[in-house]
Amino acid sequence: MKKILLLSDTHSYIDDRILAYARQADEVWHAGDIGDLNVTDKLKEIKPLRAVFGNIDNHEARKEFPLNNRFICEGVDVWITHIGGYPNKYSPAIKEEITENPPKLFISGHSHILKVMPDKKLGLLHMNPGACGKHGFHQVRTMLRFEVEQAEIKNLEVIELGTR
């Protein structure tokens, strides 16, 4: 079993509350718009990190992290990308691939809108953790945490970090 902390859109912001939740996880997954790599450096000091770069990220982040990160975690096929859309509104950049070879868990960021929804047509679960940074139009900073065990995603929780 793996306990996952999922976050996105930090936009160079990290605080002790985010780090405290990271300490409780087995792995931290970041869905892009990291901003300053100090954010991911601090997270990597605490736990293993899987991340992708986002549209605001500079060449250093793009050199360190991929645009798409697809991997298997505890038997679950996971695909993380920053701008991916959501069921019935996938980004044109990924629409063909996700339709032909859907993962079990599809994660994106970018919108700053927390969203968890199934795609019954493709048989996947979509997650967007919202934004935990202070930059953007979102009112409440959010993250997600959940467990992955024996090809199952369970115990999903929304973490609200308060207002910007």
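Worth saying up front: this structure is predicted, and the values here are computed from it rather than measured. (Residues numbered from 1 in each chain as written. Predicted model: local features only at pLDDT ≥ 70, side-chain atom pairs only at ≥ 80, totals over all residues. Heavy atoms only, no water.)

## What to know about the overall build of the chain
Counted only if it meets this: Each helix is a run of H or I in the DSSP string that is no shorter than four residues. Each strand is a run of E no shorter than two, and both are numbered from the N terminus. C-alpha atoms define the radius of gyration, and 2.2 Å times the number of residues to the power 0.38 defines the globule rule. Only protein chains enter the accessibility calculation, which uses a 1.4 Å probe. A residue is then buried if its area is under 20% of the maximum for its type, exposed if over 50%, and partly exposed in between. Using a 1.4 Å probe, accessible areas were evaluated by the Shrake-Rupley method; residue-level cover was limited to the displayed protein chains. Counted as positive: Lys and Arg. Counted as negative: Asp and Glu, with His and the chain ends omitted from the count. For this purpose, a charge sits on NZ of Lys, CZ of Arg, CG of Asp or CD of Glu.
Within the chain, the regular secondary structure consists of 4 helices and 12 strands. Taking 164 residues into account, the globule formula puts the C-alpha radius of gyration at 15 Å, and the chain, at 14 Å, falls close to it. Seen along its three principal axes, the alpha-carbon backbone of the chain occupies a region of about 40 × 30 × 30 Å. For the chain, the residues scored as buried account for 48% of the 164 residues in total. Accessible area of the chain: about 7,900 Å², with a carbon and sulfur share of 48%. Here the chain contributes 22 positively and 23 negatively charged side chains, and the mean placements of these two sets differ by 4 Å.

## Description of the side chain of H112
To keep things clear, this is the line we draw: Throughout this description, a polar contact denotes any pair of N or O atoms lying within 3.5 Å of each other; where both atoms belong to protein, one of them has to be capable of donating a hydrogen while the other can accept it, and for residues adjacent in sequence the pair is counted only when both atoms sit in side chains. In what follows, a contact means two residues having at least one pair of non-hydrogen atoms within 4.5 Å.
You can see H112 is positioned in the loop between β8 (105-107) and β9 (114-119). Assessed through its relative accessible area of 11%, H112 is described here as buried. At 2.9 Å, the side chain of H112 forms a polar contact with the side chain of H138. With residues up to four places along the chain from it excluded, the contact list for H112 reads D9, H11, G130, A131, H135, G136, F137 and H138.

## As for the environment of L114
You can see L114 is positioned in strand β9. By relative accessible area, which is 32% here, L114 ends up partly exposed. As for L114 and E149, which are separated by 35 residues in sequence, their C-alpha atoms are 23 Å apart. If sequence neighbours within four positions are ignored, L114 has contacts with N128, P129, G130, T142, M143, L144 and V158.

## A word on the sheet that holds strand β10 (residues 124-129)
Heads up, the rule is: Paired strands, as defined in this entry, are two strands with at least two bridges between them according to DSSP. As a rule, the C-alpha atoms of each element are fitted with a line to give its axis, helices using only the stretch in contact, and angles between N-to-C directions run from 0 to 180 degrees.
The strand order across the open sheet formed by 5 strands is β4-β5-β8-β10-β9, and the pairing between neighbours is mixed. The sheet is open, and its two edges are formed by β4 (68-73) and β9, each paired on a single side. On average, each strand axis in the sheet is tilted by 15 degrees relative to the strand beside it, whichever way the strands run. Relative to β8, strand β5 (residues 76-81) runs parallel, the two being bridged by 3 bridges. Bridging across to β8, W79 finds its partner in F106.

## Looking at the packing of helix α1 (residues 16-24) against helix α2 (residues 38-46)
Applied cut-off: Crossings are sorted by hand: turned counterclockwise from the far helix by less than a right angle, the near helix makes the crossing left-handed, and turned clockwise it makes it right-handed. Three residue categories are used. Nonpolar comprises Ala, Val, Leu, Ile, Met, Phe, Trp, Tyr, Cys and Pro, charged comprises Asp, Glu, Lys and Arg, and polar comprises the others, including Gly.
With their axes 9 Å apart at the nearest point, α1 and α2 run at an angle of 35 degrees to one another. At the point where α1 passes α2, the crossing takes the right-handed sense. In this structure, α1 contributes L19, A22 and R23 to the contact, and α2 contributes K42, L43 and I46. When its residues are assigned to classes, the contact of α1 with α2 shows 4 nonpolar, no polar and 2 charged.

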